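Listed below are the residues making up each chain.
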Amino acid sequence: MPDLKLTKRDLQVLTASVGDNYDVTVRQTEEGFWTIHVTFIRNEQTYLMQTTRGAVKAWRDLCHVIQFVQNHCKAARHVFVEVGDWKLTRLSDNFRVALISTRS
C-alpha cells in the first residue's frame, strides 16, 4: 500500500477537526533529511507530510522541522523524534524532552 500523504493545508483542516487525537513522529531518512509522519488515533492511519506539488516534504536541519511541528502541530497528543535507536518525546506543552530507549 502506498504511503498516505497530506499537505500543510490538509494538516490544518484535519487537526482542527480531530483536536488532540493525533501523534506526530519526526524521522530521519537514509539520505539524512527529516520527515514528518502524522498518525490519527481514531483510524490509526499514518500520513507523510508532502509539498503542494506532491513531493515528500523534507528538512535538512532538525531544528527547522521541530519549529514546523511547534507551529503547526500544537494540539498533537504526542510528538516524537526518532534518532537512530533513540526516541525523544515532548513531555508537555513546554517542549521538554525525554529519552525513550528503544533498545531491549
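Not measured: the values here are computed from a predicted model. Numbers given for residues are sequential positions, taken from 1 along each chain in its written order. Restriction of local features to residues with pLDDT of at least 70 applies here, the model being predicted, together with a cutoff of 80 or more for giving and counting side-chain atom pairs; totals for whole chains, interfaces and linings are based on all residues. Only hydrogens and water are set aside when side-chain values are computed; all heavy atoms of the structure are taken into account.

The next subject is the packing of aromatic side chains. Where two aromatic rings form a pair, the distance of their centres and the angle of their planes describe that pair. Here is the rule: rings of Phe, Tyr and Trp (six-membered ring for Trp) pair when centre to centre is within 6.5 Å. Planes less than 30 degrees apart are stacked, more than 60 are edge-to-face, and the remainder are tilted. In total, this model carries three aromatic pairs according to the counting rule given. Ring geometry for Y22 and F40: centres 6.0 Å apart, planes at 40 degrees, overall tilted. Note that Y22 is positioned in strand β2 (residues 22–28) and F40 in strand β3 (residues 34–40), a separation of 18 residues in sequence. Exposure class is identical for Y22 and F40. Each is buried. Residues F40 and Y47 carry aromatic rings whose centres are separated by 5.6 Å and whose planes lie at 75 degrees to one another, so their mutual orientation is edge-to-face. Of the two residues, F40 and Y47, both sit in the buried class. A run of DSSP states H or I qualifies as a helix once it reaches four residues; a run of E qualifies as a strand once it reaches two. Both are numbered from the N-terminal end. Only protein chains enter the accessibility calculation, which uses a 1.4 Å probe; a residue whose area is less than 20% of its type maximum is buried, one above 50% is exposed, and one in between is partly exposed.

Nothing here speaks to function; it is geometry throughout.
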